[in-house]
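For reference, the chains in residue letters:
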There are 2 protein chains.
Amino acid sequence: MTIVPERTATPTDEEIFAAHRGGKLATGLTAPLQNARDLAVAYTPGVAEVSRAIAADAALAHHYTWAGRLVAVVSDGTAVLGLGDIGPRAALPVMEGKSALFKAFGGLDSIPLVLDTTDVDEIVETLVRLRPSFGAVNLEDVAAPRCFELERRLVEALDCPVMHDDQHGTAIVLLAALRGACAVQGREPGELRVVVSGAGAAGIACARILLAAGVSDVVVLDSRGILVPGRDGVVGEKAALARVTNPRGVGGTLADALTGADVFVGLSGARLPEEVLARMAPEGMVFALSNPDPEVHPAVAARHAAIVATGRSDFPNQINNVLAFPGVFRGALDAGARRITEAMKLAAADAILEVARDDLASDRIVPSPFDPRVAPAE
Amino acid sequence: MTIVPERTATPTDEEIFAAHRGGKLATGLTAPLQNARDLAVAYTPGVAEVSRAIAADAALAHHYTWAGRLVAVVSDGTAVLGLGDIGPRAALPVMEGKSALFKAFGGLDSIPLVLDTTDVDEIVETLVRLRPSFGAVNLEDVAAPRCFELERRLVEALDCPVMHDDQHGTAIVLLAALRGACAVQGREPGELRVVVSGAGAAGIACARILLAAGVSDVVVLDSRGILVPGRDGVVGEKAALARVTNPRGVGGTLADALTGADVFVGLSGARLPEEVLARMAPEGMVFALSNPDPEVHPAVAARHAAIVATGRSDFPNQINNVLAFPGVFRGALDAGARRITEAMKLAAADAILEVARDDLASDRIVPSPFDPRVAPAE
């Protein structure tokens, strides 16, 4: 497999800052307000009729306000891209970008809400108080392990779709890509040995969706090695995962885990040395998903693996959450769902794969994010 | 003065509900997201440069996010239009309308945040946590007397412009209109006897701005009569106002207050009987501002007063907050102001009057809300 960057011109700082001046989002009106009659319809006295109707039947708010199709992109700024805990103000450009993606790829309105607290109780309490203002919550860039508790608590507290995209968006697209790669190779996911390097939000969610999709041989590592029950540092979500993964009881390092493995999933940012990669079984698959620097350069990975994917837009096989979250939320809101279930996540991965199926190839295991068929399919 | 409705066709319920389906607001992108390069500028990896810059200098968030020009329209739904305490869900259409007005008349982005709590501490706490998400707070339709404490607490807690529009927006436009009426009649505000009927949010703010503008003879009434220190029910804001109004020490009812008065300001919703109105001095001014039903029909008021204004768009001299709040917030945000001061409110009233000055008449004491010169002037 030959890996060639799809383009080399990266945006300059000048271009980037110019595009961000004044922000990337704007609010607009769905109908003009140009004369007294427009005002009488959209504001007083007309609006009073709509308010009276909702006061009598709260369910009407879903239809007669924007909240029914509004996604709040919520972050405390503690795990922003690869930048870490940079706080809510610095996180806002990322959340604005995410809201823009909801609009561009899912046709959903979306507002970023960045929170000046990292306390789980306070974040839950804040969103419960704001609940009538939105229709769904996309949790974003919250550090592990707090993100697990926060998502669980929000799902319990709010009667609307809630999803931590860093976990489940990544997992959905990884599963779609793995299935696409299997289709190219004529293999079944259930027969693969998979190694997930990284036990943060995305790593844990990827391991879990693979298990749910029938992949039984999954080995997960954190920075100290393979997750094994009782190992030092294997607590909380990691301990729960250690109990249901690693069926062959492998111990040790990444080199131990990768020996004879079919699939590498990198979600840790830790470099994958070429000599370790060389231990994988033939016809392997490498998903080096850390951004902006993949665990291994795709050209190096291609020397040892048959299929290579990254998170980057400038190489083939981009594993991009934008393939998943706009369609998942759009589907949930259109259906009036109160939860995003595990079944909905698996179905979203299927839908992404179906869009790609007609022209699958080793350098096209997922559709392009700009394929207009993606979001409607989910 | 002859009062003729400007138009009679009011919107039908069908028209109103059709215009509200799916809500009145939408989010949009300030630049297209159509290819991988757009994505690399607005999202990863480009956005990381902007986040890094804001992490190093928080003040940059004002320039490189939408928060710098974003007004949060905040309500707990306790005093919505004339509908009262209908709750946050039913209040949302009104707040969406308000956000739409910010866009249409002030060119400002705005999001409605409706809160499922009426506790002042909790509302303040919620907005403090959300502070990095917006640039200013327009407080709306919060019941008195809680609204006074809430506004005061928010001004203290947030380092950004905060204004309860039901109080100050109304007061600013009333002052502009009173000055316009004085200009038409060749009188000075300081020589007028003014009666304010209603001691809720708007009534108290109107009385206070008139005092600040040099009107010394102001008599304020609540539902039990003229505010006099020590009277039953005259506590809190009412007591404070009683100490600085009513210099002639009048006691009793609206009929007592209006005897010989030059100006009636109605903000209570209570009917003003014609025989009481007839007690006013000649060449009087009637501001019957309750919506949708003025305290007295403008045609009746015109039998006894030289200048008549209402809050309605279908009669001349509409006293509409939209003349004030878009320009006040736009000016404050453009200037990077951390407070909306009393001086800014008086200046806004001046600016509204200046726009109207060239064509002032007894049936045109304020400009039309659709006069494009209004917001830029403030």
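> Could you clarify how one ought to interpret the relation of the copies chain B and chain A in this entry?
Each of the two chain copies can be generated from the other by rotation about an axis followed by a shift along it. Of the transformation superimposing chain B on chain A, the axial component is 0.0 Å and the angular component is 180°, with the fit at an RMSD of 0.0 Å. Here the copies are linked by what is in effect a two-fold axis. In terms of proximity to the rotation axis, the leading residue of chain B is Thr27(B), whose C-alpha is 2.2 Å off the axis. With an isologous cut-off of 70% or more, the 100% of interface residues of chain B that recur at the interface of chain A puts this contact in the isologous class.

> Got a minute to help me understand helix 1 (residues 13-20) of chain A in this structure?
Among all positions of helix 1 of chain A, only Ile16(A), Phe17(A) and His20(A) are buried. Projected onto a plane normal to the axis of helix 1 of chain A, the buried residues spread over an arc of 90° and lie on a single side. Opposite the buried face of helix 1 of chain A, by more than 90 degrees, sit the exposed residues Glu14(A) and Ala18(A). In this structure, the buried side of helix 1 of chain A is in contact with helix 5 (87-106) of chain A together with helix 2 (36-42), helix 3 (47-56) and helix 4 (61-64) of chain B. Backbone geometry just downstream of helix 1 of chain A places Gly22(A) in the positive-phi region, at approximately 80°.

> In this structure, what is going on with the side chain of Asn317(B)? I would like to understand it.
You can see Asn317(B) is positioned in the loop between strand 11 (307-310) and helix 14 (325-334). Polar side-chain contacts of Asn317(B) include one of 3.1 Å to the backbone oxygen of Val308(B).

> Would you explain the packing of helix 8 (residues 165-185) of chain A against helix 15 (residues 342-356) of chain A in this entry?
Relative placement of two packed helices is described by the angle separating their axes and the distance separating the axes. Residue and element names in this part refer to chain A. At a minimum axis distance of 8 Å, the contact between helix 8 and helix 15 shows a crossing angle of 45°. Here helix 8 is positioned oblique relative to helix 15, judged by the angle of their axes. The element helix 8 and its partner helix 15 pack so that their crossing is right-handed. Mapping the contact onto sequence places His 168, Ile 172, Val 173, Leu 175, Ala 176, Arg 179 and Gly 180 in helix 8 and Lys 345, Leu 346, Ala 348, Ala 349, Asp 350, Ile 352 and Leu 353 in helix 15. Split by residue class, the contact of helix 8 with helix 15 holds nine nonpolar, two polar and three charged.

> Please clarify how the sheet that holds strand 7 (residues 217-222) of chain B should be interpreted in this entry.
Strand pairs in the sheet, formed through backbone hydrogen bonds, run parallel or antiparallel to each other. Residues and elements named next belong to chain B. Strand order in the open sheet made by the six strands is 8-7-6-9-10-11, with mixed pairing throughout. Both edges of this open sheet fall to strand 8 (225-226) and strand 11, since each of them pairs with a single strand only. Where strand 6 (residues 193-197) lies against strand 7, five bridges are found, and the strand directions are parallel. Paired with Val 194 across the two strands is Val 218, which belongs to strand 7. In the packing of helix 8 (residues 165-185) onto the sheet, the strands contacted are strand 9 (263-266), strand 10 (285-288) and strand 11, and the crossing angle to strand 10 comes to about 155°.

> Quick question: what am I supposed to make of the nonpolar core here?
Side chains of nonpolar character tend, in soluble globular proteins, to be buried together. Formed by 218 residues in total, the largest nonpolar core has its most connected members in Phe287(A) and Phe287(B). Not counting residues within four places of it along the chain, the set of residues in contact with Phe287(A) comprises Leu174(A), Ala177(A), Leu178(A), Val263(A), Phe264(A), Val265(A), Gly266(A), Ala309(A), Ile319(A) and Ile365(A). If you look at the next biggest cluster of nonpolar residues, it comprises 23 residues, including Leu221(B), Ala257(B), Val276(B) and Ala301(B).

> Honestly, the packing of aromatic side chains in this entry has me stumped. Any pointers?
Remark: the centre distance and the inter-plane angle together describe each pair of aromatic rings, the angle taken between the planes. With the rule as written, the count across this model stands at eight aromatic pairs over all chains. Ring geometry for Tyr64(A) versus Phe17(B): centroids 5.3 Å apart, planes at 80°, classification edge-to-face. One end of the pair, Tyr64(A), is in helix 4 (residues 61-64); the other, Phe17(B), is in helix 1 (residues 13-20), on a second chain. Considered together, Tyr64(A) and Phe17(B) belong to a single accessibility category, that of buried residues. Following the ring pairs from residue to residue traces out a cluster consisting of Phe102(A), Phe325(A) and Phe329(A). The ring of Phe325(A) carries the charged tip of Lys98(A) above its face, separated from the ring centre by 3.7 Å.

> Quick question: what am I supposed to make of the sheet that holds strand 4 (residues 136-139) of chain A here?
Residues and elements named next belong to chain A. Spatially, the four strands line up as an open sheet ordered 3-2-4-5, and their pairing is parallel. At either end of the open sheet lies a strand with only one pairing partner, and these are strand 3 (109-114) and strand 5 (162-164). Taking each pair of neighbouring strands and ignoring which way they run, the sheet shows an average axis angle of 20°. Of the pairings in the sheet, the one linking strand 2 (residues 70-75) to strand 4 comprises four bridges and is parallel in character. Across the sheet, residue Val 71 finds its bridge partner in strand 4, namely Ala 136.

Each value, and the rule that gives it
Residues numbered from 1 in each chain as written. Chains lettered and ligands numbered in written order. Predicted model: local features only at pLDDT ≥ 70, side-chain atom pairs only at ≥ 80, totals over all residues. Heavy atoms only, no water. Least-squares fit on C-alpha atoms with pLDDT ≥ 70 in both. Contact = heavy atoms within 4.5 Å. Buried < 20%, exposed > 50% of the residue type's maximum accessible area, 1.4 Å probe, protein only. Helix = DSSP H or I, 4+ residues; strand = E, 2+ residues; numbered from the N terminus. Arc of directions from axis to C-beta. Polar contact = N/O pair within 3.5 Å; in protein donor to acceptor, adjacent residues only side chain to side chain. Axes fitted to C-alpha atoms, helices over the stretch in contact; angles between N-to-C directions. Parallel < 35°, antiparallel > 145°, perpendicular 65-115°, else oblique. Left-handed = near helix turned anticlockwise from the far one by under 90°. Nonpolar A, V, L, I, M, F, W, Y, C, P; charged D, E, K, R; others polar. Pairing = 2+ DSSP bridges. Core = buried A, V, L, I, M, F, W, Y, C linked by side-chain atoms within 4.5 Å. Phe/Tyr/Trp six-rings, centres within 6.5 Å; stacked < 30°, edge-to-face > 60°. Lys NZ or Arg CZ within 6 Å of the ring centre and 35° of its normal.

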